[in-house]
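Here are the chains, one letter per residue:
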Amino acid sequence: MSIGDWRISAEDRVKYDSYFQQCNPIQGYVTGDRARNFFVQSGLPADVLRKIWDLSDLTTDGRLDKREFTIACHLISSQVYNH
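Residues numbered from 1 in each chain as written. Predicted model: local features only at pLDDT ≥ 70, side-chain atom pairs only at ≥ 80, totals over all residues. Heavy atoms only, no water.

### Examining the nonpolar core
Spelled out, the test is: Residues grouped as a nonpolar core are buried Ala, Val, Leu, Ile, Met, Phe, Trp, Tyr and Cys residues, joined through side-chain atoms within 4.5 Å. Each residue gets one of three labels from its accessible area relative to the maximum for its type: buried under 20%, exposed over 50%, partly exposed in between, using a 1.4 Å probe on protein chains only. Throughout, a contact is declared for two residues whenever any of their heavy atoms are within 4.5 Å.
Counting 19 residues, the largest nonpolar core has Phe 39, Ile 52, Leu 64 and Phe 69 as the members making the most contacts within it. With sequence-adjacent residues up to four places away left out, Phe 69 is seen in contact with Tyr 16, Tyr 19, Phe 20, Cys 23, Val 30, Phe 38, Phe 39 and Leu 64.

Right, here's the structure in full:
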């Protein structure tokens, strides 16, 4: 896999920003519960979603800002298309 494969396209950023807003962020953050409820819709196993959360929650505060949420969505998308 090349470095370019990991980049998040402008089109995907717009899509992930929309998803972020759908999760009703509070003061710029999506709570763990709201993110989990959204992410489980991907159909990925809980252990995979847990790993994605651990990689995405950069500040380890149990909530995701827009940047962290975007990372999570991108990782989920890459896993969904690989299965």
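Alright, that's what it looks like, and here's the rest.
### Quick notes on the side chain of Thr 70
This is how the line gets drawn: Think of it this way: any DSSP run of H or I at least four residues long counts as a helix, any run of E at least two long counts as a strand, and we number them from the N terminus. By the criterion applied in these results, polar contacts are pairs of N or O atoms within 3.5 Å in which, for protein atoms, one can donate a hydrogen and the other can accept it, and in which residues neighboring in sequence qualify only through two side-chain atoms.
For Thr 70, the position within the fold is in helix H4 (residues 66–82). Side-chain polar atoms of Thr 70 contact the backbone oxygen of Lys 66, separated by 2.8 Å. Leave out the neighbours within four places in its chain, and Thr 70 touches Ile 8, Arg 13, Tyr 16 and Asp 17.

### Re the packing of aromatic side chains
What counts, and what does not: Two aromatic rings, drawn from Phe, Tyr or Trp (for Trp, its six-membered ring), form a pair once their centres lie within 6.5 Å of each other, and the interplanar angle then sorts them: stacked below 30 degrees, edge-to-face above 60, tilted otherwise.
For the structure shown, the criterion picks out six aromatic pairs. Taking 6.0 Å as the distance between ring centres and 65° as the angle between the ring planes, the aromatic pair formed by Phe 38 and Phe 39 counts as edge-to-face. Among the residues examined, Phe 38 registers a relative accessible area of 17% and is labelled buried. Overall, the relative accessible area of 7% leaves Phe 39 in the buried class. For the ring pair Phe 38 and Phe 69, a centre distance of 5.8 Å and an interplane angle of 40° mean the geometry is tilted. With Phe 38 in helix H2 (residues 32–39) and Phe 69 in helix H4, this pair connects stretches of sequence that are 31 residues apart. By the burial criterion, Phe 38 is buried, and Phe 69 matches it.

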